[in-house]
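# Residue-level structure breakdown
Each chain, letter by letter, is given below.
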Amino acid sequence: MKKKLHIICLTVPYPVNYGGVFDLYYMLPALKNEGVSIHLHCFDYGRGQQPALNEFCEEVFYYPRNQGHKGMTARLPYIVSSRKNEKLLERLLLDDAPILMHGIHCTYLLTDERFRGRHCVVRLHNVEHIYYRQLANSSNSLIKSIYYLVESYLLKKYEKRIANLAEFVAVSEKDVEHYRKQFQCNHISFVPVFLPNWQLKKSMGMGTYCLFHGDLQVPLNERTAIRLLTRIFHRLKIPFVIAGRNPSPQLMELAHREQHTCLVANPSDTEMEDMIARAHLHILPAQHNTGIQLKLLHALYQGRHCIVNAAAITQEVLAPLVQTAESDEALTNLIKQVYQQPLGEEEFLLRHELLDKTFDSKNQARAMIGILYPTDK
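All values reported here derive from a predicted model rather than from experimental measurement. (Residues numbered from 1 in each chain as written. Predicted model: local features only at pLDDT ≥ 70, side-chain atom pairs only at ≥ 80, totals over all residues. Heavy atoms only, no water.)

### Some thoughts on unusual backbone geometry
Worth spelling out the cut-off: Only DSSP runs of H or I reaching four residues or more are called helices, and only runs of E reaching two or more are called strands; each is numbered from the N terminus.
A cis geometry characterises the amide bond from Tyr14 onward to Pro15, with omega recorded as 0°. Its location among the elements puts Pro15 in the loop between strand S1 (3-9) and helix H1 (22-33). Even without a glycine there, the phi angle at Gln184 is positive, about 50°. Relative to the helices and strands, Gln184 is located in the loop between helix H6 (173-183) and strand S7 (188-190). The residue Asn246 is not glycine, and still its phi comes out positive at about 50°. With respect to the element layout, Asn246 can be found in the loop between strand S9 (240-245) and helix H8 (249-255).

Shown next, in the form of structure tokens:
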């Protein structure tokens, strides 16, 4: 007999064209293959209805997000209050099936007395108040910085308030640790992020350049790209490529000042795969140590050497697969050293062992089912 499940998504999880929807989308086929009957509820604020989701779901419902001042309240974070929807709540109350909420964004129902006693699970993609504080620190706009700081303050209070009102399942071990220490969360576990069916590519030997890639319209990513251009590769005359979505004109101009640096804007999936495979060294420092670095996982599956900082290692399994540097001087020296080293058979086999064992969609789906349906154990 199929197990019925309601899933609430903070956005429409298709097409899978940015990292934030990977877990939302790839969890669907994994759960369906294990006999779960999925009733999907998602907030649409520009991505549109997607018939492709019907392949994995019994039903798909779309709800508008209350954007702008209509979605704001004094007590709740905007990312939560803007997704309050009474029609959604009424639909969920028609049965007693478990509810899986993707992200803090979708947890408004935890504040509603009608759901007391209902089995609710929150898929934690990030520690949101830390993420928003980092956005405030990296923004060049005073108005945006103030908004991010207020949102961070409200999120910290809200996350503490709901920390023991549901089961939590984090995508990183660091987030589990943070919730236990910061919010005394008693019911939180770790299930790795769901990934596409990436096959480990045997990109051994030598590549031809260093690569940084990401969504360049995100201030944190643009800030990292600028730091690498101005503080590392301005002095280090090694070929360096930046690739990603929607770079600013300023970043484009800066990337093409030197003959050995360049930027590829809005590459197709095929182009991105090719760039990752041809690179010798992936430089992927993180600005905060919450959530999961999907671009790092992509590089480990498809590319050669990876250099990160400690903040990027949010799962223990990643530590043996990367090299780390914190300061500009340490990063410069490590790039010079690793750029001369081929990726060997031993490193490839270690990736094979650790990544295949950790990111197994069948095992991950079964772990989620054990949390969603605890009485069936």
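What follows continues from the structure just given.
### Focus: the sheet that holds strand S8 (residues 210-215)
Operational definition: Note: two strands are recorded as paired if DSSP finds a minimum of 2 bridges between them. When checking whether two residues touch, look at their non-hydrogen atoms; a contact exists if any pair is within 4.5 Å. For helices, the axis comes from a line fit to the C-alpha atoms of the stretch in contact; other axes are also lines fit to C-alpha atoms, and the angle between any two N-to-C directions lies between 0 and 180 degrees.
Ordered by their spatial adjacency, six strands build an open sheet running S10-S9-S8-S11-S12-S13, and the pairing between neighbours is parallel. The two strands at the open ends of the sheet, each matched to only one other strand, are strand S10 (261-265) and strand S13 (323-324). Contacts from helix H11 (residues 328-338) reach S8, strand S11 (281-283), strand S12 (305-308) and S13, with the element oriented near 175° to S12.

### As for the confidence of the model for the protein
Using the following cut-off: Confidence scores per residue from the predictor, reported as pLDDT, run from 0 to 100.
Looking at the protein, pLDDT values average 93 and 99% of them are 70 or higher. Mean pLDDT values for the elements of the protein range from 89 in helix H4 (residues 128-138) up to 98 in strand S4 (residues 99-102).

### As for the packing of helix H7 (residues 219-232) against H11
The following threshold applies: These descriptions rest on fixed angle ranges, namely under 35 degrees for roughly parallel, over 145 for roughly antiparallel, 65 to 115 for roughly perpendicular, and the rest for oblique.
Here H7 crosses H11 at 80°, and the two axes come no closer than 11 Å. It follows from the interaxial angle that H7 and H11 lie roughly perpendicular. Of H11, the residues touching H7 (which contributes Arg227, Leu228, Arg231 and Ile232) are Asp328, Leu331, Thr332 and Ile335.

### A word on the sheet that holds S1
Read from one edge of the open sheet, seven strands run S3-S2-S1-S4-S5-S6-S7, paired in parallel fashion. Two strands bound the open sheet, and with one partner strand each, they are strand S3 (59-64) and S7. Here the average twist between neighbouring strands, direction ignored, is 20°. Summarising the sheet, strand S5 (residues 120-124) and strand S6 (residues 167-170) pair through four bridges and their orientation is parallel. From the neighbouring strand, Val121 faces S6, where its bridge partner is Glu167. Packing of H6 onto the sheet brings it into contact with S5, S6 and S7, and relative to S7 it is tilted by some 165°.

### Description of the pairing of S8
Just so we agree on the cut-off: Exposure categories follow from relative accessible area, calculated using a 1.4 Å probe and restricted to protein chains: below 20% of the type maximum is buried, above 50% is exposed, and the middle band is partly exposed. A clockwise course of the path from the first strand over the helix to the second, judged with the strands pointing away from the viewer, identifies a crossover as right-handed.
Counting buried positions along S8 yields six of six residues, so the element is predominantly enclosed. In this fold, S8 hands off to H7, which returns the chain to S9; that crossover is right-handed. Here two bridges tie S8 to S11, and the two strands are oriented parallel to one another. Counterpart to Leu211 in the pairing with S11 is His282.

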